[in-house]
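Topology and contacts: notes
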Amino acid sequence: MSERFPPAQKEYLIKKFPLDPPSLSELVPIINAGLAQNFESAAVEVTACPDLRAAPFHLAGLGISGSERIVDIGGPPNLHPTPKFEKQYSLLSILKDIELDHGFLLGASAGPFHQLGYNSELMPNLAKGLDGQVYNRTHYAKVAEDGGYFSDFIQDNMRDCGLMANLFASEGSPGPVLKITARHRTGPLNFLASIQKSLANKYGERVVSLGGVFLITKGKVNMHVMPDFRREPLEDKDVPRWLKFFDMDAPLVCLSIFHSYDPGLDLRMEHTHCFSLQEKGRAAQGGHYHGDTTPDEVEYEAYFNTAKMLFRVDQPV
Ligand code: ZN
């Protein structure tokens, strides 16, 4: 769909909520118990965050510590039934909006259609240093003309997203994190749903929000990639048929945020986008994570931190 997009909406509302998460060590047995119900083996510990800029992570920031926060921007009502093309967000402005003059953003969003010229999935992965230097390792994925998908790094100067975004932000410092591993799924819940449910059961209306990165080191996962915008309105019930679903293979790097409870902010309760680099003769992969499709084989390795602050930006009315 070739489209002239309107300028970005200049003003939007920012709401801020301090959170009071349990300590990482308190979360260890709770998450472990949740995973044990759905995986043959799982382990949770508090450990020093590995250097996330190195392989196999390929992230823009060293770590996920310091002023940890999650921001939920826009939402699906900006996509359907009719896309709101003025909903264009600058990742660097978002950093400022959530009161960080430097830091590291990662997560899941819709792509910058106004920069790319079409709709896509985005894996925001961008750091701004103390010296103001921006390091952009963001990937995007689109539906290709042959009906398959195409994924790659986005151009360095494309630092926006569109319509909706769910991001974990921090100063990008090294620090203690939850390391969570799980393999061989035996229950109905996927990796994140298992963790999310254990937190919800334990903490009720106390919001526990986590974000970070996980690797799928073995197995296949079901992912979707949004096709380009359609001319006719897209009703809620038609969204699953509109999305293009693909099986993608490990190894995958997944950027993720999720919450245990929504205190009435119309939060996206979980949002995860994954990518892999082009390597060993294999094309790069990318998309929105739904869950693994090879339960016997699948293996996960996650590094998460808790958010100490929650921001809701430009909540659809
Ligand atoms: Zn998504």
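Described below are features of the structure shown in this document. (Residues numbered from 1 in each chain as written. Predicted model: local features only at pLDDT ≥ 70, side-chain atom pairs only at ≥ 80, totals over all residues. Heavy atoms only, no water.)

1. Looking at the sheet that holds strand β2 (residues 39–48)
- Strand order in the open sheet made by the nine strands is β2-β12-β19-β13-β16-β17-β18-β14-β15, with antiparallel pairing throughout. Two strands lie at the open edges of the sheet, namely β2 and β15 (244–249), each paired on one side alone. Within this sheet the neighbouring strands show an average axis-to-axis angle of 30°, counted without direction.
- Packing of helix α1 (residues 24–36) onto the sheet brings it into contact with β2, β12 (176–185), β13 (209–218) and β19 (299–306), and relative to β2 it is tilted by some 165°.
- Strand contacts of helix α4 (residues 191–203): β2, β12, β13, β16 (252–259), β17 (270–276), β18 (285–292) and β19, with the helix running at about 25° to β16, the strand carrying the most contacts. (Pairing = 2+ DSSP bridges. Helix = DSSP H or I, 4+ residues; strand = E, 2+ residues; numbered from the N terminus. Axes fitted to C-alpha atoms, helices over the stretch in contact; angles between N-to-C directions. Contact = heavy atoms within 4.5 Å.)

2. As for the coordination of the zinc ion
- The zinc ion binds to the protein through His271 (NE2), His273 (NE2) and His288 (ND1); the donor distances cover 2.1 Å.
- Spacing between the donor residues of the zinc ion along the chain follows H-x1-H-x14-H. In this structure, His271 and His273 share a single accessibility class: buried. (Donors = N, O, S within 2.8 Å, 3.2 Å for Na, K, Ca; no water. Buried < 20%, exposed > 50% of the residue type's maximum accessible area, 1.4 Å probe, protein only.)

3. Side note on the pattern of salt bridges
- Evaluated as defined, the whole model comprises 15 salt bridges.
- A salt bridge links Arg206 to Asp20; its shortest N-O distance comes to 4.0 Å. Here the residue Arg206 occupies a position in the loop between α4 and β13, and Asp20 occupies one in the loop between β1 (14–18) and α1, the gap between them amounting to 186 residues.
- Taking relative accessible area as the criterion, Arg206 reaches 32% and is therefore assigned partly exposed.
- Residue class for Asp20 comes out exposed when judged on its relative accessible area of 55%.
- The salt bridge partner of Asp156 is Arg159, with a shortest N-O separation of 3.3 Å.
- Look at Asp156 and you get partly exposed, because its relative accessible area is 43%.
- When its relative accessible area of 22% is taken as the criterion, Arg159 is described as partly exposed.
- One continuous salt-bridge network, built from bridges that share partners, spans Glu40, Arg183, Lys218 and Glu299. (Salt bridge = Lys/Arg side-chain N within 4 Å of Asp/Glu carboxyl O.)

4. Topic: the environment of Leu13
- Within the element layout of this structure, Leu13 appears in the segment before β1.
- For the pair Leu13 and Asp146, spaced 133 residues apart in the sequence, the C-alpha separation amounts to 40 Å.
- Not counting residues within four places of it along the chain, the set of residues in contact with Leu13 comprises Arg312, Val313 and Asp314.

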